[in-house]
Amino acid sequence: MTEELFRADAYLQDCTATVVAIDEHGIVLDRTVFYPLGGGQAGDTGVLVLADGSELAIADTRKGKDAEGRPTHAICHVPAAGQDDLLTKLKPGDAVTAKVDWQRRHKLMRFHTTTHLLCHLVPQLVNGCSITPDYARLDFNMTDPLDKEALTQGIARLVAAGHPVAVGAITDEELDANPALVKSMSVQPPRGSGRIRTILIGTATADAGRIGGEVIDFQPCGGTHVANTAEIGTVVVTKIEKKSATTRRVVLGFA
Ligand SMILES: [Zn+2]
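If you're wondering where the values come from, they're calculated on a predicted model, not measured in any experiment.

### Structural notes on the sheet that holds strand β15 (residues 215-220)
Backbone-to-backbone hydrogen bonds join strands into a sheet, with any given pair of strands oriented parallel or antiparallel.
No. 1: What the three strands build is an open sheet, ordered β11-β12-β15; its pairing is antiparallel. Pairing within the sheet leaves two strands with one partner each, and these edge strands are β11 (165-171) and β15. When the angles between neighbouring strand axes are averaged without regard to direction, this sheet yields 25°.
No. 2: Sheet strands touched by helix α3 (residues 102-121): β11, β12 (195-202) and β15. Its angle to β15, the strand with the most contacts, is close to 115°.

Written out as C-alpha cells, the structure reads:
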C-alpha cells in the first residue's frame, strides 16, 4: 500500500519516502508524489534521490498488480533502462526523495482540467481519453459534427473566467443516486472503499437547502488538476476526427 500524496495536493513536487519493495515491476515506496497511469492520464516521470545524492531516473509510474492481475494499492516507480549499478545499491528500508518531473506533470494537469472543460462544452458521454504531456484527446459518443474553432473559443472563455477547481468526495450511495455524474463509458469510478474522489470546476453552494453557485463540471475523477482554470493558459483544439460512425475525437494541444 502506497500513500497517494498527489490525490490531496497535486502541487507536491517531491517527498521523502522509504523503499518498501523492489521487483521486476519497479520500486514501491511507502508514499509518493508520482501519479500512476490511470483514467487516461499518463504516469509520472522524475527521479528518486538516494541517500548518497545519486539520482535514479524514473521513466514511468504504474499501479501495482498481483499475479492474478488484481490491484495491490502499491505504486510502482519504473526505472529507466541502463541503471543497474544504481539499482543494486537500493534496498527495502532505504530512505529516498521522490522528485516528479514538474514541467511535464504540470502540462498533464493543464490538459486534464481542459478535458473536463470539454465535458462542459460537449454534453455527451465520453468513450475514450488519453492525456500526455504533448497532446490530449477525448472521444465523445456522438454522431453530430463538432466545430473546432467554437470549441477553442469555448475553452478560452472558461480559462479566462478563472473558475476554481476543487477536489472533493462523494459516497458510493450518492453516486448510485446520481448515475449521470459519470460521464465516461470507458472508465468507471472505483467503488467499494465507500468514498469516491470528485473534481468540481466552478462553485457549488448549499444554503438553507438551496443549491446555488455556478457548476461548470462535476464528476468522479482520480487525476491531477490545476487549482484554477486560469492556470491552463492557452490550449487549443488542434483536430477533430470522425473516429467511427458514433465517435467524435477532439484533440487538444498547447498553442
Ligand atoms: Zn478526469
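### Observations concerning unusual backbone geometry
No. 1: You will see that histidine 73, though not glycine, has its phi angle at about 65°, which is positive.
No. 2: Mapped onto the elements, histidine 73 comes out in strand β7 (residues 71-79).

### Concerning helix α4 (residues 148-160)
No. 1: Between its first and last C-alpha atoms α4 spans 18 Å; for 13 residues at 1.5 Å apiece the expected length is 18 Å, and the two agree.
No. 2: Restricting attention to buried positions, one finds in α4 the residues Ile155, Leu158 and Val159. Projected onto a plane normal to the axis of α4, the buried residues spread over an arc of 105° and lie on a single side. Counted as exposed and oriented over 90 degrees from the buried face of α4: Glu149, Ala150, Arg157 and Ala160.
No. 3: On its buried face, α4 sits against α3, β15 and β16 (235-244).
No. 4: In the stretch just after α4, glycine 162 is the one whose phi turns positive, near 60°.

### Digging into the nonpolar core
No. 1: With 44 residues, the main nonpolar core has Val28, Phe34, Leu48, Ala98, Leu138, Val250 and Leu252 as its most contacted residues.
No. 2: Top contributing element to this core by residue count: α3, with six residues.
No. 3: Counting residues domain by domain, this core receives three or more from each of domain 1 (3-100) and domain 2 (104-254).
No. 4: With near-sequence residues (within four places) excluded, valine 28 lies in contact with Thr2, Val20, Ala21, Gly64, Ala74, Ile75 and Cys76.

### Considerations on the domain arrangement of the chain
No. 1: Splitting the chain by domain gives domain 1 (3-100) and domain 2 (104-254).
No. 2: For domain 1 versus domain 2, the separation of C-alpha centres amounts to 27 Å.
No. 3: With 13 residues of domain 1 at the interface, the matching set in domain 2 holds 17 residues.
No. 4: In terms of residue count, the dominant contributor to the side of domain 1 that touches domain 2 is helix α1 (residues 5-8) (three residues).
No. 5: Taken together, the residues that form the side of domain 1 that touches domain 2 break down as six nonpolar, five polar and two charged.

Definitions and limits used
Residues numbered from 1 in each chain as written. Predicted model: local features only at pLDDT ≥ 70, side-chain atom pairs only at ≥ 80, totals over all residues. Pairing = 2+ DSSP bridges. Helix = DSSP H or I, 4+ residues; strand = E, 2+ residues; numbered from the N terminus. Axes fitted to C-alpha atoms, helices over the stretch in contact; angles between N-to-C directions. Contact = placed C-beta atoms within 7 Å. Expected span 1.5 Å × (residues − 1). Buried ≥ 20, exposed ≤ 12 C-beta atoms within 10 Å, placed from the backbone. Arc of directions from axis to C-beta. Core = buried A, V, L, I, M, F, W, Y, C linked by C-beta atoms within 7 Å. Domains from an automatic or database assignment. Nonpolar A, V, L, I, M, F, W, Y, C, P; charged D, E, K, R; others polar.

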